[in-house]
Amino acid sequence: MNRIYSFQHNSASLFVVATPIGNLKEFSPRAIETITKCDYVASEDTRTTGNLLHEFNIAKPMISCHEHNENEASEKIISLILNGKNVALTSDAGYPGISDPGAKVIKKAIENNIPVSIINGSCAFLPALIASNLETNHFYFHGFLKAKASERIKELEKLKNYPMTLIFYEAPHRIKDTLKDIYKIFGNRKATIAREISKLYEEYIRGDLKEFQDLDESSLKGEMVLVLEGNTKQEKISENDLISIIKTRLQDKNISKKELSKELADIYDLKKNDIYQLIIKIKD
Ligand code: SAM
């Protein structure tokens, strides 16, 4: 167990600061105050964050912390905090750690008993979900699908029976291929594309996957989130389908038999032990 007060302490902290995904007015007074008080800003792209801070007349020593150097950058950030310096962690837009670098720094800080405070702000998937007109009580956030078609199809096969609303991030140059693959694997479902959230050309396209096949690619520019209805017409999964899902999931060497049984039991409303026995049979 690890209990740490975020503010009732005398040590330095890691402040994880969400930055605007579009409209700069979404950079909160609290975020500005926090960064102003910090000694360093660690960011995914020092130029992007530097430009943002410049808009708010903030100048701070910057540390670069991106996908390719996060391990080394984490060491540096943790050492600074342990030496009494407050560090703000940002990514290019939205929350660090959400389809962006940051998770490793946060994990290391927690392992070192450093207080970690999240300074709330913009995130792309919440507004997309809320405005999607789809079920918002239970949802699954996937982030980006794999770029390679064969891997993307495998991922989608795993997700096709999830009953909860599904949320994906996607890039404009891949959206048409993704929509095609999803339609092929999931069949028709209600769907929403939330585009350019909080920017001048913000748009919500609400419809279904069949209709989306005819969308003109040139009208799908900018940043977008795809929100899909879950599999609400779930019939009992056949043993053959279950076996094929188990075989695919077992390729992930990090998952234990127990974890996989629980995961599939939750999704398909089956008994954990029945799935466990099936996994053992498949593995033998
Ligand atoms: N960390 C961010 C967050 O908290 O949402 C996500 C960063 S991820 C690298 C970028 C993806 O988020 C984009 O490809 C797009 O799918 C989504 N996104 C970011 N800004 C957006 C916006 N203004 N409108 C719609 N989607 C956006």
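Visitor: Which parts of the structure should I look at to understand the overall build of the chain?
Guide: Summing up its helical and strand segments, the chain has 11 helices and 10 strands in all. The principal-axis extents of the C-alpha atoms in the chain amount to approximately 60 × 45 × 30 Å. Taken over 284 residues, the chain has a buried fraction of 43%. Restricting the contact set of the chain to residue pairs at least 6 apart, pairs at least 24 apart contribute 70%. Accessible surface, the chain as shown: approximately 15,800 Å² in total, 49% of it carbon and sulfur. Averaging the positions of the 40 positive and the 40 negative side-chain charges in the chain gives two centres separated by 4 Å.

Visitor: Just to check I follow, could you spell out the side chain of Glu44 for this structure?
Guide: Assignment of secondary structure puts Glu44 in the loop between strand S2 (40–43) and helix H2 (46–55). The buried charged residue Glu44 lacks any salt bridge, with Lys104 as its nearest oppositely charged partner at 13 Å. Polar contacts involving the side chain of Glu44 include one to the main-chain amide nitrogen of Asp92, which spans 2.8 Å.

Visitor: Please explain the sheet that holds strand S8 (residues 190–195) as it appears in this structure.
Guide: Either a parallel or an antiparallel arrangement is found when strands of a sheet pair, and the pairing is made through backbone hydrogen bonds. Strand order across the open sheet formed by 5 strands is S6-S7-S10-S8-S9, with mixed pairing between neighbours. Edge positions in the open sheet fall to strand S6 (139–144) and strand S9 (203–208), since each of these has one partner strand only. Averaged over all neighbouring strand pairs, the angle between strand axes comes to 15°, with direction disregarded. Running at roughly 175° to S6, helix H6 (residues 149–159) makes contact with S6 and strand S7 (165–170) of the sheet. Running over the sheet, helix H7 (residues 175–186) touches S7, S8 and strand S10 (224–228) and is turned about 10° from S10.

Visitor: Help me understand the domain arrangement of the chain, please; the structure alone is not making it clear to me.
Guide: As a measure of interface size, the accessible area lost when the parts come together is often cited. Once the domains are mapped, the chain shows domain 1 (14–119), domain 2 (125–228) and domain 3 (239–283). Taken over C-alpha atoms, the centre of domain 1 sits 29 Å from the centre of domain 2. Every contact between the two is made by 6 residues of domain 1 and, on the other side, 9 residues of domain 2. In this assembly, domain 1 packs against domain 2 so that about 500 Å² is buried in total across both faces, 62% of it on carbon and sulfur atoms. It is Ile21, Ile98 and Ser99 that lose the most area in domain 1 upon contact with domain 2, and together they represent 75% of the buried surface on that side. Here domain 1 is connected to domain 2 by 0 salt bridges. Here domain 1 is connected to domain 2 by 1 residue pair in polar contact (both at pLDDT 80 or more). Residues belonging to the side of domain 1 that touches domain 2 are distributed by class as follows: 2 nonpolar, 3 polar and 1 charged.

Visitor: Looking at this structure, how should I read the site of the ligand?
Guide: Taken together, 19 residues lie near the ligand, and Tyr95, Ile98, Tyr169, Ile197 and Met224 sit nearest. At a separation of 2.9 Å, an oxygen atom of the ligand approaches a polar backbone atom of Tyr95. Take Glu170: an N or O atom from its main chain is 3.3 Å from an oxygen atom of the ligand. Relative to its free-state accessible area of 580 Å², the ligand is covered by the protein chains to the extent of 91%. At the level of elements, S7 and S10 are the ones that each hand at least two residues to the shell around the ligand. Residue composition of the shell around the ligand, by class: 12 nonpolar, 2 polar and 5 charged.

Visitor: Explanation requested: the environment of Glu223 in the structure shown.
Guide: Here Glu223 lies in the loop between helix H8 (209–212) and S10. In this structure, the C-alpha to C-alpha distance between Glu223 and Asp266, residues 43 residues apart in sequence, is 33 Å. Apart from the residues within four sequence positions on either side, Glu223 is in contact with Ile21, Ala194, Arg195, Glu196 and Lys199. Of the polar contacts made by the side chain of Glu223, one reaches the side chain of Lys199; its length is 3.0 Å.

Visitor: Explain the packing of helix H9 (residues 239–250) against helix H10 (residues 257–268) here, please?
Guide: Packed helices, taken two at a time, are described by the angle their axes make and the gap between the axes. With their axes 12 Å apart at the nearest point, H9 and H10 run at an angle of 140° to one another. By the angle class used here, H9 and H10 are oblique. Here H9 and H10 pass one another in a crossing that is right-handed. Where H9 approaches H10, its residues Leu242, Ile245, Ile246, Arg249 and Leu250 are matched on the opposing element by Leu260, Glu263, Leu264 and Tyr268. In the contact of H9 with H10, the residues fall into 7 nonpolar, no polar and 2 charged.

Visitor: What is the right way to read the packing of helix H3 (residues 70–82) against helix H4 (residues 103–111) from this model?
Guide: Closest axis-to-axis distance for the H3/H4 pair is 9 Å, and the angle between their directions is 40°. Of the possible angle classes, the one that applies to H3 and H4 is oblique. Along this stretch, H3 crosses H4, giving a crossing that reads as right-handed. Between H3, through Glu70, Asn71, Ser74, Glu75, Ile77 and Ile78, and H4, the contact on the second element is made entirely by Ala103, Lys104, Val105, Lys108 and Ala109. Here the residues of the contact of H3 with H4 are counted per class, giving 5 nonpolar, 2 polar and 4 charged.

Definitions and limits used
- Residues numbered from 1 in each chain as written.
- Predicted model: local features only at pLDDT ≥ 70, side-chain atom pairs only at ≥ 80, totals over all residues.
- Heavy atoms only, no water.
- Helix = DSSP H or I, 4+ residues; strand = E, 2+ residues; numbered from the N terminus.
- Buried < 20%, exposed > 50% of the residue type's maximum accessible area, 1.4 Å probe, protein only.
- Contact = heavy atoms within 4.5 Å.
- Areas by Shrake-Rupley, 256 points an atom, 1.4 Å probe, with all protein chains shown as cover.
- Lys, Arg positive; Asp, Glu negative; His and termini not counted.
- Charge placed at Lys NZ, Arg CZ, Asp CG, Glu CD.
- Salt bridge = Lys/Arg side-chain N within 4 Å of Asp/Glu carboxyl O.
- Polar contact = N/O pair within 3.5 Å; in protein donor to acceptor, adjacent residues only side chain to side chain.
- Pairing = 2+ DSSP bridges.
- Axes fitted to C-alpha atoms, helices over the stretch in contact; angles between N-to-C directions.
- Domains from an automatic or database assignment.
- Buried area = accessible area lost by both parts, 1.4 Å probe.
- Nonpolar A, V, L, I, M, F, W, Y, C, P; charged D, E, K, R; others polar.
- Near = heavy atom within 4 Å.
- Parallel < 35°, antiparallel > 145°, perpendicular 65-115°, else oblique.
- Left-handed = near helix turned anticlockwise from the far one by under 90°.

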